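For reference, the chains in residue letters:
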Amino acid sequence: MTKIDKAIVFSLLNAVLLVTVIFKTVLNFYVFVVVILLLIVLCHVLINKNRINIGKEGKKYFFLIKFPLVINLFFLINYITGMNPTKETYCYKAQTSYVGSVRSHQVGKTTYIYLSGNAYEYEYMIRSFFIDYKRMMFKNQITYTFERGIFGLRIRKDFQFFYNENCLE
């Protein structure tokens, strides 16, 4: 395999792991970004002090391919080792999206939801769904199934939408 082939394969693998694993992990978005930035700075310092050998590929390959792969593998191990499922149920309200310009204004629903009690306020991916909005239509309650992985991070393993008369505004 050439260097370009490896870069393509690992980039695709990183993208798939990001969508299928990291987006299902309960993470405070801001804390996650700060931790990643600190890890990048730490790796950069360790590379400059020759504590991390990046080989002949260079810094770009390390920070664009290898570093994200290590982060993704950490989350993959946590995801695979999930245990002790627990269920949580919340009323929710779907987000309304405004699209258009001054002359053309349209309103539509999205698959991003707001949970009752402002639960998971900063865990954006727990409240976002890559599904067709029709699965959520006319429903106002969600039941999550969470598990805790070996590294202690919670994972959203499943979710179901329901209609509940008690969840009306």
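Here the structure is shown first, and the text comes after it.
Remember, predicted model here, so these are calculated numbers, not experimental data. (Residues numbered from 1 in each chain as written. Predicted model: local features only at pLDDT ≥ 70, side-chain atom pairs only at ≥ 80, totals over all residues. Heavy atoms only, no water.)

In this structure, N78 sits in helix α3 (residues 59-80). On the basis of relative accessible area, N78 is assigned to the buried category, the value being 0%. (Helix = DSSP H or I, 4+ residues; strand = E, 2+ residues; numbered from the N terminus. Buried < 20%, exposed > 50% of the residue type's maximum accessible area, 1.4 Å probe, protein only.)

So, about the state of the cysteines. All told, the structure shown has one disulfide when counted by the stated rule. Here C91 is linked by a disulfide to C167, with a sulfur-sulfur distance of 1.9 Å. Here the disulfide of C91 and C167 is left-handed, its torsion about the S-S bond being about -65°. A residue pair is termed long-range when its members are at least 10 positions apart, and C91 in strand β1 (residues 83-100) and C167 in the segment after β4 (154-162) qualify at 76 residues. (Disulfide = S-S within 2.5 Å.)

Moving on to the pairing of β4. Along any regular strand the residues' side chains alternate between the sheet's two faces. When strand β3 (residues 141-148) meets β4, the two strands line up antiparallel, connected through eight bridges. Paired with Y144 across the strands is F159, a residue of β4. (Pairing = 2+ DSSP bridges.)

Further remarks concern α3. Along its 22 residues, α3 runs 30 Å from first to last C-alpha, staying within 8% of the 32 Å computed at 1.5 Å per residue. Along α3, the sharpest kink reaches roughly 30°, centred on K66 and followed within four residues by the proline P68. Along α3, the residues that are buried comprise Y61, F62, I65, F67, L69, I71, N72, F75, N78 and Y79. Packing partners of the buried residues in α3 comprise α1 (3-20), α2 (29-48) and β4. (Expected span 1.5 Å × (residues − 1). Bend = angle between axes of the 7 residues up to and from the residue. Contact = heavy atoms within 4.5 Å.)

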